[in-house]
Amino acid sequence: MSVVASSARARRTAAITIIGAGIMGATLAYQLARRGLREVVVLERQTVASGSIGRATGGLRQQFADELDIIFAREGRHFYRQFIAEMQAQARPAALLPPPFYQYGYLFLVSDAERWRAMQSYVALQQRLGVPSELLTPAQVVARWPGLRLLADDLYGASFCPTDGYTDPAAMTQALLAEARRQGIALYEHCPVVAIRTRRGRVWAVETPQGRFLTPLVINATGAYAALTARLVGITDLPVYPLRRQLYLCEAVTGLPPELPMVVEQASGFHFRWRDGNLLLGLPHQPTPEEQAASLALAPEAFELRLDPSVWPQIQRVIARRFPALVGLHLRQAWAGLYEMTPDEHPVLGPTEVEGFLCACGFSGHGLMHAPLAAQLLIEYVTTGKSSPLDIEQFSLRRFREGRLLPVTRLL
Ligand SMILES: Cc1cc2nc3c(=O)[nH]c(=O)nc-3n(C[C@H](O)[C@H](O)[C@H](O)COP(=O)(O)OP(=O)(O)OC[C@H]3O[C@@H](n4cnc5c(N)ncnc54)[C@H](O)[C@@H]3O)c2cc1C
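Residues numbered from 1 in each chain as written. Predicted model: local features only at pLDDT ≥ 70, side-chain atom pairs only at ≥ 80, totals over all residues. Heavy atoms only, no water.

Q: Give a detailed account of the packing of aromatic side chains, specifying residues and quantitative values.
A: Between two aromatic rings, the relevant description is the distance of the centres plus the angle of the planes. A complete count under the given rule lists 16 aromatic pairs for this structure. An angle of 10° between the planes, with centres 6.4 Å apart, marks the rings of Phe79 and Phe83 as stacked. Linking Phe79 with Phe83, this pair stays in helix 2 (residues 67-89), spanning four residues, or about one helical turn. As far as burial versus exposure is concerned, Phe79 and Phe83 are alike and both buried. Three or more aromatic residues joined by ring pairs form one cluster here, namely Tyr30, Phe79, Tyr80 and Phe83. The ring of Tyr339 carries the charged tip of Arg245 above its face, separated from the ring centre by 5.1 Å. (Phe/Tyr/Trp six-rings, centres within 6.5 Å; stacked < 30°, edge-to-face > 60°. Helix = DSSP H or I, 4+ residues; strand = E, 2+ residues; numbered from the N terminus. Buried < 20%, exposed > 50% of the residue type's maximum accessible area, 1.4 Å probe, protein only. Lys NZ or Arg CZ within 6 Å of the ring centre and 35° of its normal.)

Q: Residues and numbers for helix 3 (residues 113-128), please.
A: Spanning 16 residues, helix 3 covers 23 Å between terminal C-alpha atoms, matching the ideal 22 Å at 1.5 Å per step. Turning to helix 3, the residues buried within the fold contact helix 2, strand 4 (106-110), strand 5 (134-136) and strand 6 (157-161). The N-capping residue of helix 3, defined by a side-chain oxygen 3.2 Å from the backbone nitrogen of Glu114, is Asp112. Phi for Gly130, located one or two positions after helix 3, is positive at around 90°. (Expected span 1.5 Å × (residues − 1). Contact = heavy atoms within 4.5 Å. Polar contact = N/O pair within 3.5 Å; in protein donor to acceptor, adjacent residues only side chain to side chain.)

Q: Would you mind going over the sheet that holds strand 1 (residues 16-19) in detail, with residue names and values included?
A: The sheet built from six strands is open, its strands ordered 8-2-1-12-19-18 with mixed pairing. The open sheet has two edge strands with one neighbour each: strand 8 (186-188) and strand 18 (348-351). Going across the sheet, the axis of each strand differs from the next one's by a mean of 20°, ignoring polarity. (Pairing = 2+ DSSP bridges. Axes fitted to C-alpha atoms, helices over the stretch in contact; angles between N-to-C directions.)

Q: Which residues make up the nonpolar core, and what are the values?
A: Ile18, Met24, Leu28, Leu176 and Leu349 are the most contacted members of the largest nonpolar core, which totals 61 residues. Contributions of two or more residues to this core are made by strand 1, helix 1 (23-34), strand 2 (40-43), helix 2, helix 5 (169-182), strand 19 (357-361) and helix 9 (367-384). Here this core gets ten residues from one element, more than from any other, and that element is helix 2. Looking at which domains feed residues into this core, each of domain 1 (1-102 + 166-239 + 343-412) and domain 2 (103-165 + 241-341) gives three or more. Grouped together as the second largest cluster of nonpolar side chains are 44 residues, Phe108, Leu150, Met262 and Leu329 included. (Core = buried A, V, L, I, M, F, W, Y, C linked by side-chain atoms within 4.5 Å. Domains from an automatic or database assignment.)

Q: If you had to explain the site of the ligand to someone new, which residues and values would you point to?
A: With respect to spatial proximity, 37 residues lie near the ligand, and among them Glu44, Ser52, Gly59, Glu340 and Gly367 are the closest. For the ligand, an oxygen atom lies 2.9 Å from a polar atom in the backbone of Met24. In the environment of the ligand, a nitrogen atom lies 3.1 Å from a nitrogen or oxygen atom belonging to the backbone of Arg45. Here the ligand, which alone exposes 1000 Å², has 96% of that area covered by the protein. Contributing elements (two or more residues each) for the shell around the ligand: helix 1, strand 13 (241-251), strand 17 (331-341) and helix 9. The biggest single contributor to the shell around the ligand is strand 17, with four residues. When grouped by side-chain class, the residues that make up the shell around the ligand number 18 nonpolar, 14 polar and five charged. (Near = heavy atom within 4 Å. Areas by Shrake-Rupley, 256 points an atom, 1.4 Å probe, with all protein chains shown as cover. Nonpolar A, V, L, I, M, F, W, Y, C, P; charged D, E, K, R; others polar.)

Shown next as structure tokens:
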């Protein structure tokens, strides 16, 4: 097992220890470094972006149905654009630049009256919060993206936001951590945290196979594994559980527009976009009651990344009735990854009853979009005891214990 102690000063003490080098750990490390807080280590049990973020679609959409999600996503998009612009302005070698943000929009196709009424109110809310989404008629969709060859007869309309888009989520995570390391933050890969030491209710160290790290403050950024990490300090009720999702990479078909938005059929959740000259496709599927029970129990099988063979035929059926341009796609690769769900589908952020053990997890499938603002709120809380533009208290672990779940309205 190799130590990848990546700052010049590999250290065994840290003011802040981040567990997990996914997008949450990366945005935290980067933002801490930018604020001059560099006595920080990131401990990753495998390699950077080896968790959910390395398996994600990479979508950055601001079209949500509730205020909190819209604000998180709006700020997340802004953060990535700024990060990309800053790195480009510093004329870094191409290999060290973040991946592009493909700002081609997100297009939601709506095919029933009730959803259409709801979508109109969501777009109004998005617009009130500064997101330039718009409603389109089926004829406008067909005219704007003729190459899609959409079967639109039964559509009520669509919503489109031109400032949404997508990026390479693993490459973005790597770029953020590379910059954080350049500014002095230490990263240890192949370094699982296996125990967290506390004394009189306070954290003082974490243990790894690479040795002990002395630290008064630990941030749990371990994605779908966050509840297991919390058990290391005796917190047994962090409600973050895994939900399996699958993606399919297919050979491109001709005729689709090069600036294809992320196209989403709202009723089925089927979605697709370009990825490196191929098409990336996904379709959310419901877990069986047995799978759901295994997830809630954090059973080992709930973390397995096996593929459910029933999903690909379902995708074929959606394609046949809606997207003739995609008929006959040649499948190159498929994989599964884990969402990290909470009961109200909002993250868990901030302190716990164990002093020095903080949560930054539970993004419920929206971590790429939502991690930048989550990192900002957490850092403000740690450094000033307050946070803005959102009060971090509402995302506390306590809310679940006290039955104060946050409102959420699903768009999909
Ligand atoms: C198929 C799929 C599609 C998705 N599409 C999107 C999308 O389009 N847009 C979007 O915003 N989100 C999307 N997501 C969700 C997104 O990937 C997650 O919300 C995000 O990755 C959460 O980030 P994280 O850093 O909290 O967790 P992760 O990315 O999972 O990172 C956690 C890290 O912690 C490490 N770790 C765990 N335990 C330990 C330990 N004990 N010690 C040390 N390290 C540990 C893991 O190895 C991992 O690297 C998608 C997810 C999937 C599966």
